[in-house]
Amino acid sequence: MLPFAINHMTVPGLGYRELFRLAQSLGCIGVELRNDLDRPLFDGDDGASVLDAARDHGLRIVGLSQVYPFNAWSDAIRDELSTLISNARSCGAETISLIPRNDGEGMADGERQENARRALAAAKPMLEDADLVALVEPLGFPRTSSLSDKAETLALIDEVDGASVFKLVHDTFHHHLAGGGAVFPQRTGIVHVSGVVDRDLPLDEIADAHRVLIDDRDRLGNVEQIIALRRGGCEAPISIEAFSPEVHALADPERALRETMEHIRTSVAASAA
């Protein structure tokens with residue numbers, strides 16, 4: 001069985017308890033919670049209540065997002081990270097997410113590496129003290145992302161001797177936008193999956209709003225990416241993260257998610273037959 005999870009972004013209209021019921025019904029191992037939705041974090045509850053509810057549903061909190069932009073390091077970003085770490089510990093989250101700058105600034109060669117290196121070095125002792133793993137997510141947007149290459153990101157993590165507290169997010173959408181390339185199964189902490197089905201969109205015009213659930217029309221190669229990661233020994237959660245308003249408006253998200261999960265399972269199993 002593939003270790004599916006649901007990112008709260010896929011069903012942002014649900015409270016966390018409704019999300020937990022949905023994830024349990026679908027046989028997921030866990031969920032990812034977020035601090036960037038149009039609702040209070042944990043719906044205003046404390047972290048202990050979230051942890052108790054997750055356990056009652058047999059779920060893990062596999063991640064809590066996010067600090068943005070982590071590589072524009074400042075006292076304010078340090079404070080945001082400290083708060084996210086505290087919230088993650090309170091709800092039993094296994095990881096937190098660090099998202100790089102995505103506004104077209106800090107992209108120059110030399111500048112982007114130094115910015116990321118500085119932030120990673122500053123964040124490392126905070127994570128070590130909390131015994132927590134941070135997931136760094138390279139973004140594939142070619143015109144705006146300040147950190148898009150996974151190999152470069154891992155090299156920067158290694159430069160600060162940070163492999164024990166930093167892992168990658170392998171996002172199938174961003175991997176495709178960044179031109180594909182190598183995957184790093186052993187250093188991947190979570191896999192984000194979403195599909196794009198509009199084949200008329202030029203690659204450099206694809207945006208988060210085009211990220212839907214995955215079916216046989218998908219142009220991102222989700223199944224192939226999952227197969228490559230799994231064959232390399234990646235056992236990280238496979239978290240469904242759809243940003244499209246079309247998905248957010250679904251009247252029956254459980255049915256749609258079940259169909260997506262079954263499509264992925266069947267396709268991955270067929271490759272091993």
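Residues numbered from 1 in each chain as written. Predicted model: local features only at pLDDT ≥ 70, side-chain atom pairs only at ≥ 80, totals over all residues. Heavy atoms only, no water.

### Remarks on helix α1 (residues 16-25)
Of the positions making up α1, those classed as buried are Tyr 16, Leu 19, Phe 20, Leu 22 and Ala 23. Buried residues in α1, looked at end-on, bunch into an arc of 165°, giving them a common side. Taken together, the buried residues of α1 touch β1 (4-7), β2 (30-34), α2 (47-56), β3 (60-67) and α9 (253-272). Two residues or fewer past α1, Gly 27 is found with a positive phi of approximately 75°. (Buried < 20%, exposed > 50% of the residue type's maximum accessible area, 1.4 Å probe, protein only. Helix = DSSP H or I, 4+ residues; strand = E, 2+ residues; numbered from the N terminus. Arc of directions from axis to C-beta. Contact = heavy atoms within 4.5 Å.)

### A word on the packing of aromatic side chains
Here a ring pair, both rings aromatic, is described through the centre-centre distance and the interplanar angle of the planes. Enumeration over the complete set of coordinates arrives at two aromatic pairs. Ring plane angle 65° and centroid distance 5.4 Å describe the contact between Tyr 16 and Phe 20, whose orientation is recorded as edge-to-face. Here Tyr 16 pairs with Phe 20, and both are found in helix α1, just four residues apart, close to one helical turn. The same class applies to Tyr 16 and to Phe 20, which are both buried. Seen in terms of ring centroids, Phe 141 and Phe 173 are 5.9 Å apart; in terms of plane orientation they differ by 70°. Their pairing is edge-to-face. Highlighted residues: Phe 141 in the loop between β5 (133-136) and α5 (150-159) and Phe 173 in helix α6 (residues 172-177), separated in sequence by 32 residues. What makes Phe 141 buried here is its relative accessible area of 13%. Owing to a relative accessible area of 0%, Phe 173 belongs among the buried residues under this scheme. (Phe/Tyr/Trp six-rings, centres within 6.5 Å; stacked < 30°, edge-to-face > 60°.)

### Here's the deal with the nonpolar core
With 71 residues, the main nonpolar core has Phe 20, Leu 33 and Phe 166 as its most contacted residues. Ranked by the residues each element gives to this core, the list is headed by helix α4 (residues 111-130), at eight residues. Sequence-distant contacts of Phe 20, that is, excluding residues within four places in its chain, are made with Val 31, Leu 33, Val 50, Ala 53, Ala 54, His 57, Leu 59 and Ile 61. Ile 99, Leu 139, Phe 173 and Val 196 belong to the second largest nonpolar core, which has nine residues in total. (Core = buried A, V, L, I, M, F, W, Y, C linked by side-chain atoms within 4.5 Å.)

### Concerning unusual backbone geometry
Across residues other than glycine, the phi torsion is negative in most instances, and most of the peptide bonds are trans. For the bond running from Ser 65 to Gln 66, omega is 5°, close enough to zero to count as cis. Along the polypeptide, Gln 66 turns up in strand β3. Between Tyr 68 and the following residue, Pro 69, the backbone shows a cis peptide bond with an omega angle of -10°. Along the chain, the position of Pro 69 falls in the loop between β3 and α3 (75-91). The phi dihedral of Phe 42 falls on the positive side, at around 55°, and the residue is not glycine. For Phe 42, the location among the structural elements is in the loop between β2 and α2. Classification of Phe 42 by relative accessible area gives buried; the value is 7%. Phi at Asp 43 takes a positive value of approximately 55°, unusual for a residue other than glycine.

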